[in-house]
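A structural walkthrough
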Amino acid sequence: MDHERNRPALPEFLLPSAPVYPEVPRKPAGEPAEEAHSARLAARIARVVARRTAGSVQNLRVEVRRDGVFLDGQCASFYTKQLAQQAAMGLSDEKQLTNRIEVV
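Reading guide: rules and limits
Residues numbered from 1 in each chain as written. Predicted model: local features only at pLDDT ≥ 70, side-chain atom pairs only at ≥ 80, totals over all residues. Heavy atoms only, no water. Pairing = 2+ DSSP bridges. Helix = DSSP H or I, 4+ residues; strand = E, 2+ residues; numbered from the N terminus. Axes fitted to C-alpha atoms, helices over the stretch in contact; angles between N-to-C directions. Buried < 20%, exposed > 50% of the residue type's maximum accessible area, 1.4 Å probe, protein only. Polar contact = N/O pair within 3.5 Å; in protein donor to acceptor, adjacent residues only side chain to side chain. Core = buried A, V, L, I, M, F, W, Y, C linked by side-chain atoms within 4.5 Å. Contact = heavy atoms within 4.5 Å.

What follows is about the sheet that holds strand β2 (residues 68–75). Across the sheet, which stays open at both edges, the three strands sit in the order β1-β2-β3 with mixed pairing between neighbours. The open sheet has two edge strands, β1 (58–65) and β3 (97–103), and neither has a second partner. When the angles between neighbouring strand axes are averaged without regard to direction, this sheet yields 10°. Sheet topology places β2 next to β3; seven bridges connect them, and they run parallel. From the neighbouring strand, D72 faces β3, where its bridge partner is R100.

Here it is in C-alpha cells:
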C-alpha cells in the first residue's frame, strides 16, 4: 500500500468521469411533514380527551385531516361528549372540529 502513496496523482483529464444519474421525481415538499404533524396532533388530542374524560369515551378515535378534526367513539352521557369536545377544541389548530361521539 505504501507504493500507492508515492505514486504521482493522475492529471484531471485522465480521471474517470463522474457517473450521471437520472433525476428521480420527488414528492412535493411538506407532505410527509404534514402527515407526521397530523399523526402527532391526533395522538395528543386523544391523550387529552382520555385524561379529561377519565377514559370514559370507549373506542376513542381521533382523525386529523385537511378539512378538520373528527372525534369518534361511544360514551354514556352528553356531559362526557361535551367534555371530549371542549378538550379537543383547545388543541385542534383552528381546524373545524366534528364531534361524532355517540351517546349510548
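Right, picking up where we left off after that structure.
On to the side chain of S92, then. By secondary structure assignment, the location of S92 is in the loop between α3 (78–89) and β3. S92 gets classed as buried once you look at its relative accessible area, which sits at 5%. Here the side chain of S92 touches M89 through a polar contact of 3.4 Å, landing on its backbone oxygen.

Summarising the sheet, β1 and β2 pair through six bridges and their orientation is antiparallel. Residue pairing in the sheet places V64 in a bridge with V69 of β2. Counting the residues in the hairpin turn of β1 and β2 gives two residues.

So, about unusual backbone geometry. The backbone phi angle of A54 is positive, close to 55°, even though this residue is not glycine. Among the structural elements, A54 can be located in the loop between α2 (31–52) and β1. Of note in this structure, N59 is not a glycine but carries a positive phi near 50°. Along the chain, N59 falls in strand β1.

Moving on: the nonpolar core. Residues I45, V62 and L71 are the most contacted members of the largest nonpolar core, which totals 17 residues. When residues of this core are traced back to their parent elements, those giving at least two are α2, β1, β2, α3 and β3. It is α2 that provides the largest number of residues to this core, a total of five residues. Residues contacting V62, with those up to four places away along its chain left out, are A42, I45, A46, V69, F70 and L71.

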